[in-house]
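Summary of the model geometry
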Amino acid sequence: METRRSRVLDLAVLGHLAEAPMHGYELRKRLDRELGLLRAFSYGSLYPRLRAMRCGGLVEADGARPAAGHRSRIVYRLTEDGRAALLRLLSDSAPAESDDECFGVHFTLFGRTRLEVRMRILSGRRHRLAQRLDALHETLGRLDGRGDPYTHELHRHRAEALRREIGWLDGLIERERRCAEPGGPAGPPR
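First, a word on scope: everything that follows refers to the structure included in this document. (Residues numbered from 1 in each chain as written. Predicted model: local features only at pLDDT ≥ 70, side-chain atom pairs only at ≥ 80, totals over all residues. Heavy atoms only, no water.)

1. Some thoughts on the nonpolar core
Judged by nonpolar contacts, the single largest core of 26 residues is most densely connected at Leu11, Val13, Leu14, Leu17, Leu27, Leu50 and Val59. Listing elements by their share of this core, those giving two or more residues are helix H1 (4-17), helix H2 (24-35), helix H3 (43-55), strand E2 (59-64), strand E3 (73-78), helix H4 (80-91) and helix H6 (100-108). Those residues within four positions of Val13 in sequence are excluded, and the remaining contacts are Leu27, Leu46, Leu50 and Met53. Core analysis: the second largest hydrophobic core is formed by 16 residues, Phe103, Leu133, Leu140 and Leu172 among them. (Core = buried A, V, L, I, M, F, W, Y, C linked by side-chain atoms within 4.5 Å. Buried < 20%, exposed > 50% of the residue type's maximum accessible area, 1.4 Å probe, protein only. Helix = DSSP H or I, 4+ residues; strand = E, 2+ residues; numbered from the N terminus. Contact = heavy atoms within 4.5 Å.)

2. Let's talk about the packing of aromatic side chains
This structure, assessed with the given rule, holds four aromatic pairs. Seen from their ring centres, Phe103 and Trp168 are 6.5 Å apart, and the 90 degrees between their planes marks the pair as edge-to-face. Here the residue Phe103 occupies a position in helix H6, and Trp168 occupies one in helix H8 (residues 149-180), the gap between them amounting to 65 residues. Here the aromatic cluster, defined as three or more aromatic residues joined through ring pairs, consists of Phe103, Phe107, Phe110 and Trp168. The ring of Phe103 carries Arg125 above its face, with NZ or CZ at 4.7 Å from the centroid. (Phe/Tyr/Trp six-rings, centres within 6.5 Å; stacked < 30°, edge-to-face > 60°. Lys NZ or Arg CZ within 6 Å of the ring centre and 35° of its normal.)

3. Examining helix H7 (residues 115-143)
Here H7 spans 42 Å end to end across 29 residues, near enough to the 42 Å set by a 1.5 Å rise per residue. Taken together, the buried positions of H7 are Val117, Arg118, Met119, Ile121, Leu122, Gly124, Arg125, Leu129, Leu133, Leu136, Thr139 and Leu140. Downstream of H7 by a residue or two, Gly145 has a phi angle that is positive, lying close to 75 degrees. (Expected span 1.5 Å × (residues − 1).)

4. Quick word on the environment of Ala180
By the element assignment, Ala180 lies in helix H8. The class of Ala180 is partly exposed, set by a relative accessible area of 46%. Separated by 65 residues in the primary sequence, Ala180 and Leu115 place their C-alpha atoms 7.6 Å from one another.

5. A word on the packing of H6 against H7
Between H6 and H7, the least distance of the axes is 12 Å, while the angle of their chain directions is 150 degrees. Classed by the angle they form, the pair H6 and H7 counts as roughly antiparallel. Crossing of H6 over H7 shows left-handed handedness. Only Val117, Ile121, Leu122, Arg125 and Arg132 of H7 make contact with H6, whose side of the interface consists of Asp100, Phe103, His106 and Phe107. (Axes fitted to C-alpha atoms, helices over the stretch in contact; angles between N-to-C directions. Parallel < 35°, antiparallel > 145°, perpendicular 65-115°, else oblique. Left-handed = near helix turned anticlockwise from the far one by under 90°.)

6. Let's talk about the packing of H7 against H8
Working note: a packed helix pair is described by the angle between its axes plus the distance between those axes. With their axes 9 Å apart at the nearest point, H7 and H8 run at an angle of 155 degrees to one another. As judged from the angle between their axes, H7 and H8 are roughly antiparallel. You can see that H7 and H8 cross each other, and the crossing is left-handed. Of the residues contributing to the contact of H7 with H8, the split by class is 16 nonpolar, six polar and 11 charged. (Nonpolar A, V, L, I, M, F, W, Y, C, P; charged D, E, K, R; others polar.)

7. Here we look at the side chain of His16
Of note, His16 is situated in helix H1. On the basis of relative accessibility, which here comes to 1%, the residue His16 falls in the buried class. When neighbours within four sequence positions are excluded, His16 is seen to be in contact with Met22, Leu27, Arg30, Leu31, Glu34, Thr108 and Leu109.

What follows is the structure, encoded as structure tokens:
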């Protein structure tokens, strides 16, 4: 049975192997660098997924000749089945709309994601965060002047962070809409 965690890892691994073959250590470094604090994958989760993907025919592996004094490294590359699986994962917007870690991984692969899927993910994410913000406002209203002031301050801080992310998403959604217009820019500005 496929778990949400393995889907997120599959998306990250397949998406990065689509760019170039890599050995596990290089892949993990790249994932950590690109995803940063959003998502850190341990070797204890990465290598079992790579083995499962290899058994499932999504990746193939070649042993690299070791340099003097170093262990051999297995280089992983996508198969055609792996490319097809990546396309399916990139087309699925549902998990990315509400799940924090899946959104981050999917967002790093937006360059390979179709516009309508990007818009669904961004709009769904915005909707989910707006729901969280409404719930926090209700909590703040109930706590107003009562209870622990530090708890109140923590909720206020979370609400501010949600407002900032919603504003960021609004800007991205607007740029995506402009890109979809005839004669619009080719993509989001860098």
